[in-house]
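Structural description and commentary
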Amino acid sequence: MTMSADHHPQQPTNPNPPTTVRKLVVEVIEARDLLPKDGQGSSSPYVMVDFDGQKRRTSTVYKNLNPVWNEALEFIVSDPKTMEFEELNVEVYNDKKHSNGNARKNHFLGRVKLYGTQFAKRGDEGLVYFTLEKKSVFSWIRGELGLKIYYYDEILEQGSPPQEQQQHPPPPQEQPQVSEEVTKKPVVMVYEEPPPTHIAMGTREPSPPVHHHEPPGETVIGPTAEGIPAVGEVRRMQRGGERGKIFRRPANGDYSPRIIPGKFAGDTSERIAAYDLVEHMQYLFIRIVKARGLAQNEHSCVKIRTSGHVVQSKPSMNRPGDSSANPEWHQVFAIPYNKENTANSPLEISIWDASSQKFLGGVCFDLSDVPVRDPPDSPLAPQWYHLEGGTVGDPNREISGDLQLSVWIGTQADDAFPESCGPDAPSPHVSYTRPKVYQSPKLWYLRVTVIEAQDLHLTPNLPPLTAPEIRVKVQLGFQSVRTRRGLMSHHTSAFHWNEDIILVAGEPLEDSLILLVEDRTGQDPMLLGHVLIPVGSIEQRLDERHVPAKWYGLEGGPGGSGSYCGRLHLRMCLEGGYHVLDEAAHLCSDFTPTAKQLWKPAVGVLELGILGSRGLMPIKPMGNGKGSTDAYCVAKYGKKWVRTRTITDSLDPRWNEQYTWQVYDPCTVLTIGVFDNWRMFAEAGEERLDYRLGKVRIRVSTLQSNKVYMNSYPLMVLLSGTGLKKMGEIELAIRFACPSLLPDTCGIYGQPLLPRMHYLRPLGVAQQEALRGAATKTVAAWLSRSEPPLGPEVVRYMLDADAHTWSMRKSKANWFRIVAVLSWAVGLAKWLDHIRRWRNPLTTILVHVLYLVLVWYPDLIVPTGFLYVFLIGVWYYRFRPKIPASMDVKISQAEMVDPDELDEEMDTMPSSRPPEIIRVRYDRLRMLAARVQTVLGDFATQGERVQALVSWRDPRASKLFIGVCFIITVVLYTVPPKMVAVALGFYFLRHPMFRDPMPSASLNFFRRLPSLSDRLL
């Protein structure tokens, strides 16, 4: 085996390559409803913006609580890769120069804190009104601040200084002497000085004078004493360009190691290694790149052989105009590697002619010499190896050429693993054996307000006193909604609706919105015209601001093409302040709004390790009474879907794959499902649905911070005819890494669950459920176009698309949940009954004593109640769950489910069962509804009896009641309330020997009161 390398001529390099500088622009538009703090009932506000140590301020608006600035402040992003971790602080102050009297400081009016994840690219920005926040608990703040925040990349020619430096060059005598290489780039000069005298040293040399050249209207504030790092003082000499450091030799000549100031400076916490939640599986990686100088062939392929596996590459790719002697593959193979069994075996890599199976040469490796690569090492560079294996003098067996490849040993954490091919991968379905990450489309709510239509060509000769029935039909993709009947104006021929229609639109916004104006007066609807509007041209809004309406001309009416058919008045916008629900509300994994500018910073990271499954049921029959399962796992959280590789013909698959998600709200749910792959074996044009094996749901808020949970969960499914069945178990490792401080994490629990627009302009329950169905279909259609596709049956199962369908089993489960919730009240009532019946005399006496203490010292009632709740919480701490809970068969009422009820639950809508079965189920539903009807009637009866006390429906009962009320009033005015309370309490707790077994007089009186039940037909 020989090795050679290519020597390519060096490409000429551009002496002045362009430099890209990222700039952040903060447009301060206006503020609303600020607090007056100038002593004269007003304020003179200005805005101070701080980003990465750069400070800018706006001009001052004189005495205005709703100021308008429309000023753009520009900042330079020092490192675009870490921009999402940077903070942007925007503070509003009242200018003390315009205050009443001699104000000593600028009064604080509010602030807004944003993060880099909320910045938009130029062109995607929008006006967002942020609520001003307090600086401390005692601050008095109100109002909103409207901002536009975006960034862009500017290309600077090498050697040309920034514009500010050209306009304001510093004095020559103050320029530091730097090398030629440094002066070629637009840099920011940063001096490293020794520490100040009051920190470390006895004396300190004076720093060189610093001159700031500022544009009008801006103020650049240098670092304060609190911001001085421990290793020296940093001063900024120029703005713009890159940062450069010029080190001055300290007075004592000390060049000891220093801490680099930055985001992770001083962070001594233990770093978490990648793939630490799963077992490390070793693989032998072979990257086949290309070959050169091969013998004559048509299409060559590469065969890789180890002691236990043989894999073959795809046919070679030849560039246009190149011969078959220089083929290319660009393919990576990952073969399971066991050091004990295969360490001393050879690795054979050979090239063959795919058509004639002619041997073209090969290379042999000793696996004991193969290097081991551990991330984050860079990829191993491929090398040229001379092909061997021919016979000298035999033209048919003569070998020539070289093969470029690289071989190394790694784990599933290797960068090449997701795109590698395994030895058990079927050749036409290699994509199914690779792990994939999917992203749900960005969904918007499209709000269309149909206002009115004018100049419509109506049907003539309508019958007398017949008003035309004009409706507008709105279509977007598969969604179709029709307005109500339009109201006709008496003075004009216009029709008015003023009706809001909301649809779901998914990015990319390539579809068109179609509005059809129909005349449905007769039996057959007649089209009066239509409007076609591209969704991408519709305005986007992030808050409740007013969107202007527009007139659109109708086309395609009864008058023929090109004729005027009328016009339609519409108001349309894409709502970015809502969260488009594609999951059930109680199972949602994400509550962030559509517009990324409104996202809050993440509170932690959710890490999931999918170890494997045990004891899966065989799904595909193989003959001889045996079966197989080709299982893969899907996990969904937020917009990110992950899919493990499909492991073929295994009832105990081991995936050992690890994934991470950003967590913006811990009160969300992670869903993991296991499926049997049928699509990979479907023929061309054949639709075969993947078979579900079960799923697991885990609520993130039930996980302790930074704790690893490794558990096995059963996979349970409900099958029609057989009922509940266990399909196996799945082994998971979960960790919720929450680096945020305690106030930030706990503050999430006090914030609204949904975005702000859901409360300002709420959606109806029925409307939101219909929109959720449309969002589910949109997500399923998007993911089915991926490769490999994520089938609609998988998406609907993971999103619980049928969570709100009728089910007798779910109704029973919800009823028993209500009973369990009210069980504490039932237990308390039983305990009081035991006390008043003196079942345990000692306990009853202690209750008497406690009651006397609370009556004579009523100030102790509230703290005693909270103390009791505190003690209950401490007591139940012993019984807290040790592992995250998942599906509960008992709560779901799935153990003893009736087969007919289960078949009804899995029936389609509309039903596909025979009429006889539907009639039986309808009669059963009527019996259940009759019981519910009786319970609701009883509740109504008790409420009507309470109303009858003073409604004089029964004159004698009302006289008795108001007479007793008057007597009680006189008694309570004359007798001290403590004595009344003691008397009532002792009367309630009296001994059974003083009790009458019959119902009390007050209860008998209440039961005799009339209700409205006797008035029902």
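**Regarding the overall build of the protein chain**
- Helices and strands together make up the secondary structure of the protein chain, namely 16 helices and 41 strands.
- Looking at the 1017 residues of the protein chain, the share that counts as buried comes to 40%.
- Accessible area for the protein chain stands at about 58,200 Å²; split by element, carbon and sulfur atoms hold 57% of it.

**What about unusual backbone geometry?**
- In this structure, the amide linkage connecting Glu507 to the following residue, Pro508, adopts the cis form with an omega of 0 degrees.
- Backbone torsion omega between Glu787 and Pro788 reads 0 degrees, so that peptide bond is classified as cis.
- If you check the backbone angles, Asp455 has positive phi at about 60 degrees while not being a glycine.
- Looking at the secondary structure, you find Asp455 in the loop between β22 (443–454) and β23 (470–476).

**So, the sheet that holds strand β21 (residues 436–439)**
- Spatially, 5 strands are ordered β21-β36-β35-β38-β39 in an open sheet, and the strand pairing comes out antiparallel. On the outer flanks of this sheet lie β21 and β39 (691–699), each paired with one strand and no other. Sheet twist, expressed as the mean angle between neighbouring strand axes with direction ignored, is 20 degrees.
- Across 4 bridges, the pairing between β21 and strand β36 (residues 640–643) is antiparallel. Each bridged residue has a counterpart across the sheet, and for Lys436 the counterpart in β36 is Arg643.

**Comments concerning the pairing of strand β35 (residues 631–637)**
- The buried fraction of β35 is high, at 7 of 7 residues.
- Burial along β35 is two-sided: the face carrying Ala631, Cys633, Ala635 and Tyr637 and the face carrying Tyr632, Val634 and Lys636 are both buried.
- Relative to strand β38 (residues 669–676), β35 runs antiparallel, the two sharing 6 bridges. If you follow Val634 over to β38, its bridge partner there is Gly673.
- Here β35 pairs with β36 via 4 bridges, running antiparallel. The residue bridging Val634 from the neighbouring strand is Arg643, located in β36.
- Between the antiparallel neighbours β35 and β36 lie 2 residues, among them Gly638 with a positive phi of about 65 degrees.

**Details of the packing of aromatic side chains**
- Enumeration over the complete set of coordinates arrives at 16 aromatic pairs.
- Consider the rings of Phe365 and Tyr385, whose centres lie 5.3 Å apart with planes at 80 degrees: the pair is edge-to-face. Linking Phe365 in strand β18 (residues 359–366) with Tyr385 in strand β19 (residues 383–386), this pair joins segments that are 20 residues apart in sequence. When sorted by exposure, Phe365 lands in the same class as Tyr385, which is buried.
- Taken together, the ring pairs in this structure connect Tyr283, Phe285, Trp408 and Phe417 into an aromatic cluster.
- Sitting above the plane of the Trp352 ring, Lys303 keeps its charged end 4.9 Å from the centroid.

**A short note on the nonpolar core**
- Counting 61 residues, the largest nonpolar core has Leu606, Leu608, Trp641, Trp661, Ile730 and Leu732 as the members making the most contacts within it.
- If we skip the residues at most four places from it in the chain, Leu606 touches Tyr637, Tyr659, Thr660, Trp661, Val663, Leu670, Val700, Leu703, Ile734 and Arg735.
- Core analysis: the second largest hydrophobic core is formed by 35 residues, Leu88, Tyr93, Leu114 and Leu147 among them.

**Overview of the side chain of Ser440**
- Residue placement: Ser440 occurs in the loop between β21 and β22.
- Exposure remark for Ser440: the relative accessible area of 8% places this residue in the buried category.
- Ignoring sequence-local partners within four residues, the contact set of Ser440 consists of Lys639, Trp641, Val779 and Trp782.

**Here we look at helix α6 (residues 765–783)**
- With 19 residues, α6 ought to run about 27 Å at 1.5 Å a step, and its terminal C-alpha atoms sit 27 Å apart, in line with that.
- Along α6, the residues that are buried comprise Gln768, Leu771, Arg772, Ala774, Ala775, Thr776, Thr778, Val779, Ala780 and Leu783.

**Description of empty space enclosed by the protein**
- Taken as a whole and assessed by the stated rule, the structure comprises 3 cavities of 30 Å³ or more.
- Taken as a whole, the largest cavity holds about 60 Å³ of empty space.
- Surrounding the largest cavity, Leu114, Gln118, Gly126, Val128, Phe130, Leu147, Lys148, Ile149 and Gln597 form its lining.
- Looking at the lining of the largest cavity, the elements with two or more residues in it are β9 (128–131) and β10 (144–156).
- With 3 residues, β10 is the largest single contributor of residues to the lining of the largest cavity.
- Residue classes in the lining of the largest cavity are distributed as 5 nonpolar, 3 polar and 1 charged.

**Topic: the sheet that holds strand β3 (residues 45–51)**
- Read across the sheet, 4 strands follow the order β4-β3-β6-β7 without closing on themselves; strand pairing throughout is antiparallel. In this open sheet, the two edge strands, each paired with only one partner strand, are β4 (54–57) and β7 (107–115). With direction set aside, neighbouring strand axes in the sheet form an average angle of 15 degrees.
- Relative to β7, strand β6 (residues 87–94) runs antiparallel, the two sharing 8 bridges. Bridging across to β7, Tyr93 finds its partner in Phe108.

**Focus on the packing of α6 against helix α7 (residues 792–799)**
- Axis separation between α6 and α7 bottoms out at 9 Å; the angle between their running directions is 140 degrees. The angle between α6 and α7 falls in the class oblique. When you trace α6 past α7, the crossing you get is right-handed. Where α6 abuts α7, its residues Arg772, Thr776, Val779, Ala780 and Leu783 lie against Pro792, Val795, Arg796 and Leu799.
- In terms of residue class, the contact of α6 with α7 is built from 6 nonpolar, 1 polar and 2 charged.

**Considering the packing of helix α10 (residues 841–856) against helix α15 (residues 977–988)**
- Put simply, α10 and α15 touch, their axes get as near as 10 Å, and they point 160 degrees apart. With respect to α15, the element α10 is oriented roughly antiparallel. Where α10 crosses over α15, the two elements pack in a sense that is right-handed. Residue-level contacts link His848, Tyr851, Leu852, Val855 and Trp856 of α10 to Lys978, Ala981, Val982, Gly985 and Phe986 of α15.
- Residues of the contact of α10 with α15, tallied by class, amount to 7 nonpolar, 2 polar and 1 charged.

**Side note on the pairing of strand β32 (residues 604–614)**
- Within β32, 9 of the 11 residues are buried, leaving the element largely enclosed by the surrounding structure.
- In terms of strand pairing, β32 meets strand β41 (residues 723–737) through 9 bridges, oriented antiparallel. Paired with Glu607 across the bridge in β41 is Arg735.

**Concerning the environment of Phe816**
- Examined against the element boundaries, Phe816 turns out to sit in helix α8 (residues 808–821).
- With 76 residues separating them along the chain, Phe816 and Ser892 place their C-alpha atoms 9.7 Å apart.

**Here's the deal with the pattern of salt bridges**
- Scanning the entire structure with this criterion turns up 49 salt bridges.
- Measuring nitrogen to oxygen at the nearest pair gives 3.4 Å for the salt bridge that ties Glu499 to Arg484. Of this pair, Glu499 sits in strand β26 (residues 495–506) while Arg484 sits in the loop between β24 (479–482) and β25 (487–488); the two residues are 15 residues apart in sequence, bridging distant segments of the chain.
- Of the residues examined, Glu499 reaches a relative accessible area of 16% and is grouped as buried.
- Residues Arg924 and Asp900 are paired through a salt bridge, measuring 2.9 Å at the closest nitrogen-oxygen approach. Here Arg924, found in helix α13 (residues 915–947), pairs with Asp900, found in helix α12 (residues 899–905); they are 24 residues apart in sequence, far enough to count as distant.
- Salt bridges sharing common partners tie together Asp900, Asp903, Glu904, Asp907, Arg913, Arg921 and Arg924.

Rules of the game
Residues numbered from 1 in each chain as written. Predicted model: local features only at pLDDT ≥ 70, side-chain atom pairs only at ≥ 80, totals over all residues. Heavy atoms only, no water. Helix = DSSP H or I, 4+ residues; strand = E, 2+ residues; numbered from the N terminus. Buried < 20%, exposed > 50% of the residue type's maximum accessible area, 1.4 Å probe, protein only. Areas by Shrake-Rupley, 256 points an atom, 1.4 Å probe, with all protein chains shown as cover. Pairing = 2+ DSSP bridges. Axes fitted to C-alpha atoms, helices over the stretch in contact; angles between N-to-C directions. Phe/Tyr/Trp six-rings, centres within 6.5 Å; stacked < 30°, edge-to-face > 60°. Lys NZ or Arg CZ within 6 Å of the ring centre and 35° of its normal. Core = buried A, V, L, I, M, F, W, Y, C linked by side-chain atoms within 4.5 Å. Contact = heavy atoms within 4.5 Å. Expected span 1.5 Å × (residues − 1). 1 Å grid on protein atoms, 1.4 Å probe; cavity = no way out; pocket = protein on both sides within 12 Å on 5 of 7 lines; lining within 4 Å. Points joined across faces, edges and corners; volume = space filled by probe spheres on them. Nonpolar A, V, L, I, M, F, W, Y, C, P; charged D, E, K, R; others polar. Parallel < 35°, antiparallel > 145°, perpendicular 65-115°, else oblique. Left-handed = near helix turned anticlockwise from the far one by under 90°. Salt bridge = Lys/Arg side-chain N within 4 Å of Asp/Glu carboxyl O.

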